[in-house]
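Coordinate analysis (summary)
Now for the letters of each chain:
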Amino acid sequence: MDEEGKIGKEGAVLEGVASIALLPCGSISGHFIQLPHSVCYGLHGTELACERECSRGEDYRLIKLTITDYSSKEERDVVVECRGHDAARFCNVDHAHGWEKDVVGMVEQEHGKCKILVSFECETLKAEKEAEEHIMKFMPKLAGMDAVVNVGQMRIEGLEFEVGGGNERVHESV
């Protein structure tokens, strides 16, 4: 298929650039710009409190990532692994063994029949003055929070939103 209609094994494939602020409290906030259409989605994440398996590094944590479609105001949640201290990498959780049942349930939860797959890798890390300038320009509500900013390629597969509040589902990349 052409660039406008990519379909992966889990559904529609959105690719683009994400700008993500990592806040000192462990939360994240930012934007995902789907290319080439320049469609903007909101990203917000909160760290999930859970025991880390001993096989995981100290930079490992689970994030409940909420993806917001600004045009319909709908949201979809997905649990991702976050690795790396300031230069973050996100991917889906493959195994949730050893965590509490509510965390395991959230990891295994799916929206509809399609599972949402997310991958992100920081290509540019901005800190201190450079991060604050970026935040003032693109995320002014986060100014003064001492965040670092990660910019990099993001891929989201299987993201679907309702049309007009009905039961019909569409792929946002259409």
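It should be noted that the structure appears before, not after, this text.
One structure accompanies this document, and this report is about it. Computed from a prediction, not measured in an experiment: that's the story for all the values here.

Notes on the pattern of salt bridges
Counting across every chain of the model gives six salt bridges. For the salt bridge of Glu133 with Lys129, the shortest nitrogen-to-oxygen distance reads 3.9 Å. Of this pair, Glu133 and Lys129 both sit in helix H2 (residues 128-138), separated by four residues, roughly a single helical turn. What makes Glu133 partly exposed here is its relative accessible area of 45%. Lys129 sits in the exposed class, given a relative accessible area of 64%. When the shortest N-O distance is used, the salt bridge between Glu157 and Arg155 registers 3.5 Å. For Glu157, a relative accessible area of 8% corresponds to the buried category. Arg155 sits in the partly exposed class, given a relative accessible area of 32%.

Looking at the side chain of Lys126
The residue Lys126 is located in strand E8 (residues 117-126) in this model. Buried and unpaired, Lys126 has no salt bridge, with Glu130 as the nearest side chain of opposite charge at 4.8 Å. Residues within four places of Lys126 in sequence aside, it is in contact with Ala131, His134, Val148 and Val149.

Re unusual backbone geometry
A cis amide bond links Leu35 to the next residue, Pro36, at an omega of 10 degrees. Along the chain, the position of Pro36 falls in the loop between strand E3 (28-34) and strand E4 (39-47). Phi is positive for Ser38, which is not a glycine, with a value near 60 degrees. One non-glycine residue, Lys73, adopts positive backbone phi at about 65 degrees. Residue Lys73 is classed as exposed on the basis of its relative accessible area of 63%.

Looking at the pairing of strand E5 (residues 61-69)
Among the nine residues of E5, eight are classified as buried, and the element is accordingly described as predominantly covered. Bridge analysis of E4 against E5 gives seven bridges, and the strand direction is antiparallel. By the bridge assignment, Gly42 is partnered in E5 with Thr68. As defined by bridge partners, E5 adjoins strand E6 (residues 74-83) across nine bridges and the pair is classed as antiparallel.

A word on the nonpolar core
Within the largest apolar cluster, 25 residues are counted, with the highest numbers of intra-cluster contacts made by Ile20, Ile67, Phe90, Val118, Met154 and Ile156. If you list the elements that add at least two residues to this core, you get strand E2 (11-22), E3, E4, E5, E6, E8 and strand E9 (148-157). For this core, the leading source of residues is E2, giving four residues. Excluding anything up to four places from it in sequence, Phe90 contacts Ile20, Ile28, Val80, Glu81, Cys82, Val118, Ser119, Phe120 and Met154. By size, the runner-up hydrophobic cluster in this structure holds nine residues, among which are Ala21, Ile135, Met139 and Val149.

With respect to the environment of Ala49
With respect to the helices and strands, Ala49 occurs in the loop between E4 and E5. Between the C-alpha atoms of Ala49 and Arg61, which are 12 residues apart in sequence, the distance is 8.6 Å.

Remarks on H2
Residues of H2 that are buried include every one of Ala131, His134 and Ile135, and no others. End-on, the buried residues of H2 take up no more than an arc of 100 degrees, which puts them together on one face. Those residues of H2 that are exposed and angled more than 90 degrees off the buried face are Lys129 and Lys137.

Cut-offs and rules
- Residues numbered from 1 in each chain as written.
- Predicted model: local features only at pLDDT ≥ 70, side-chain atom pairs only at ≥ 80, totals over all residues.
- Heavy atoms only, no water.
- Salt bridge = Lys/Arg side-chain N within 4 Å of Asp/Glu carboxyl O.
- Helix = DSSP H or I, 4+ residues; strand = E, 2+ residues; numbered from the N terminus.
- Buried < 20%, exposed > 50% of the residue type's maximum accessible area, 1.4 Å probe, protein only.
- Lys, Arg positive; Asp, Glu negative; His and termini not counted.
- Contact = heavy atoms within 4.5 Å.
- Pairing = 2+ DSSP bridges.
- Core = buried A, V, L, I, M, F, W, Y, C linked by side-chain atoms within 4.5 Å.
- Arc of directions from axis to C-beta.

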